[in-house]
Amino acid sequence: MLGRNFRSVHLALDELVTAARDFTDAAAERATAIGVSPDGRAATVAKEAGGLAFPDGWQQDTDVIDAIVKNLGIVIVRLRERIEATEKADPVSQDLFIEIAARLEQLHWMWQAQLSSA
């Protein structure tokens, strides 16, 4: 990544990665608790995530910010669908989805703020 916002974007990416690791661990534990075998292989996650592809090579910092904002938006929409779907069927899973969505919405807002100032 290149650009004047390198350091702040790098630190924000670290924060996002930490949150994603926490979420995936919690989701895998919940899936296991309800009898679902989680498939956390990179190829499976990439195929099922539904996010936008990220190009190879050096990227401009503002392009990285824009891509993260768009991808977080996609993930949040999908999470909200799952929140609705689990309302009656599995309220414990729904609580987990709500917790994850709340944190991702906060991160989404923080990334959007970077884009508007870039």
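Residues numbered from 1 in each chain as written. Predicted model: local features only at pLDDT ≥ 70, side-chain atom pairs only at ≥ 80, totals over all residues. Heavy atoms only, no water.

(A) Structural view of the overall build of the chain. Of regular secondary structure, the chain possesses four helices and zero strands. Viewed in the frame of its principal axes, the chain has a C-alpha envelope of about 45 × 25 × 20 Å. When each of the 118 residues of the chain is scored for burial, the buried share is 29%. A sequence separation of at least 24 residues applies to 74% of the contacts in the chain between residues at least 6 apart. Here the chain displays about 7,800 Å² of accessible surface, and carbon together with sulfur accounts for 58% of that area. With 12 positive and 18 negative side-chain charges, the chain shows a spacing of 2 Å between the two charge centroids. (Helix = DSSP H or I, 4+ residues; strand = E, 2+ residues; numbered from the N terminus. Buried < 20%, exposed > 50% of the residue type's maximum accessible area, 1.4 Å probe, protein only. Contact = heavy atoms within 4.5 Å. Areas by Shrake-Rupley, 256 points an atom, 1.4 Å probe, with all protein chains shown as cover. Lys, Arg positive; Asp, Glu negative; His and termini not counted. Charge placed at Lys NZ, Arg CZ, Asp CG, Glu CD.)

(B) Structural detail: the pattern of salt bridges. Going through the model one piece at a time under the given rule, you end up with seven salt bridges. The salt bridge partner of D66 is K70, with a shortest N-O separation of 3.0 Å. Here the residue D66 and the residue K70 both occupy positions in helix α3 (residues 61-85), the gap between them amounting to four residues, near one helical turn. The class of D66 is partly exposed, set by a relative accessible area of 27%. Note on K70: relative accessible area 44%, which makes it partly exposed. Notably, a salt bridge pairs R80 with E105, separated by 2.7 Å at the nearest N-O pair. Of this pair, R80 sits in helix α3 while E105 sits in helix α4 (residues 91-117), and the two are 25 residues apart along the sequence. Residue classification places R80 among the partly exposed residues on the basis of a relative accessible area of 46%. Using a relative accessible area of 28% as the deciding quantity, one classes E105 as partly exposed. (Salt bridge = Lys/Arg side-chain N within 4 Å of Asp/Glu carboxyl O.)

(C) Representation of helix α1 (residues 6-33) within the structure. With 28 residues, α1 should cover 40 Å at 1.5 Å per step; its first-to-last C-alpha distance of 40 Å lies within 8% of that length. A positive backbone phi angle near 90° is found at G35, which sits one or two residues after α1. (Expected span 1.5 Å × (residues − 1).)

(D) How the structure looks around α3. Over its 25 residues, α3 extends 36 Å from the first C-alpha to the last, a length consistent with the 36 Å expected when each residue adds 1.5 Å. Among all positions of α3, only D61, V64, I65, A67, I68, V69, N71, L72, I76, L79 and I83 are buried.

(E) Quick peek at the nonpolar core. Counting 20 residues, the largest nonpolar core has L104 and W111 as the members making the most contacts within it. Counting only elements with at least two residues in this core, the list comes to α1, α3 and α4. Take this core: its biggest share by element is eight residues, from α3. With sequence-adjacent residues up to four places away left out, W111 is seen in contact with V9, A12, L13, L16, I65, I68, V69 and L72. (Core = buried A, V, L, I, M, F, W, Y, C linked by side-chain atoms within 4.5 Å.)

(F) Expanded view of the environment of D39. Position of D39 among the secondary structure elements: in the loop between α1 and α2 (42-49). On the basis of relative accessibility, which here comes to 34%, the residue D39 falls in the partly exposed class. Separated by 75 residues in the primary sequence, D39 and Q114 have C-alpha atoms spaced 33 Å apart. Once you skip the residues sitting within four places of it in the chain, D39 turns out to touch T44 and V45. Only 3.1 Å separates the side chain of D39 from the side chain of T44, close enough to count as a polar contact. (Polar contact = N/O pair within 3.5 Å; in protein donor to acceptor, adjacent residues only side chain to side chain.)

Remember, this is a structural readout, not a statement about activity or role.
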